[in-house]
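# Commentary on secondary and tertiary structure
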Amino acid sequence: MERTEIEQKVRSLLIDELEIDEDKVFPDSRLKEDMGIDSLDYVDIVAVVLSTFGIKVNIEKMKGVKTMAQFVDYLDEELKQK
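Attention here is on the structure that accompanies the text.

Parameters and conventions
Residues numbered from 1 in each chain as written. Predicted model: local features only at pLDDT ≥ 70, side-chain atom pairs only at ≥ 80, totals over all residues. Heavy atoms only, no water. 1 Å grid on protein atoms, 1.4 Å probe; cavity = no way out; pocket = protein on both sides within 12 Å on 5 of 7 lines; lining within 4 Å. Points joined across faces, edges and corners; volume = space filled by probe spheres on them. Salt bridge = Lys/Arg side-chain N within 4 Å of Asp/Glu carboxyl O. Helix = DSSP H or I, 4+ residues; strand = E, 2+ residues; numbered from the N terminus. Buried < 20%, exposed > 50% of the residue type's maximum accessible area, 1.4 Å probe, protein only.

### Considering the layout of surface pockets
- Size it by volume and the largest pocket reaches roughly 150 Å³.
- Around the largest pocket, the lining residues are L31, K32, E33, I37, Y42, M62, K63, V65 and K66.

Here it is, written out as structure tokens:
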């Protein structure tokens, strides 16, 4: 899967599944501060990532993920290892 496709799917996930305002979803947007993602949203993200990408989220690796671009990078790396 190409990085651009991953980015499109993440964008859709954030807008459709977590109901984040489309105007707040950009690569450099911070997940917590700009998009308002909280700990309950992260639980949803874990489930959606598993169903969408077929990978389990590594919570330790996700601790350093602050922006949408970093999230896409994380998923891209995980998918390459799959």
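Read on for the rest.
### With respect to the pattern of salt bridges
- The full count for this structure, using the stated rule, is seven salt bridges.
- A salt bridge links R3 to E7; the shortest N-O distance between them is 3.3 Å. Residue R3 and its partner E7 are located together in helix α1 (residues 3-17), separated by four residues, close to a single helical turn.
- R3 sits in the partly exposed class, given a relative accessible area of 30%.
- Note on E7: relative accessible area 24%, which makes it partly exposed.
- Taking the shortest distance from any N to any O, the salt bridge between D34 and R30 comes out at 2.9 Å.
- Classification of D34 as partly exposed rests on a relative accessible area of 28%.
- Connected via shared salt-bridge partners are R3, E7 and D73.

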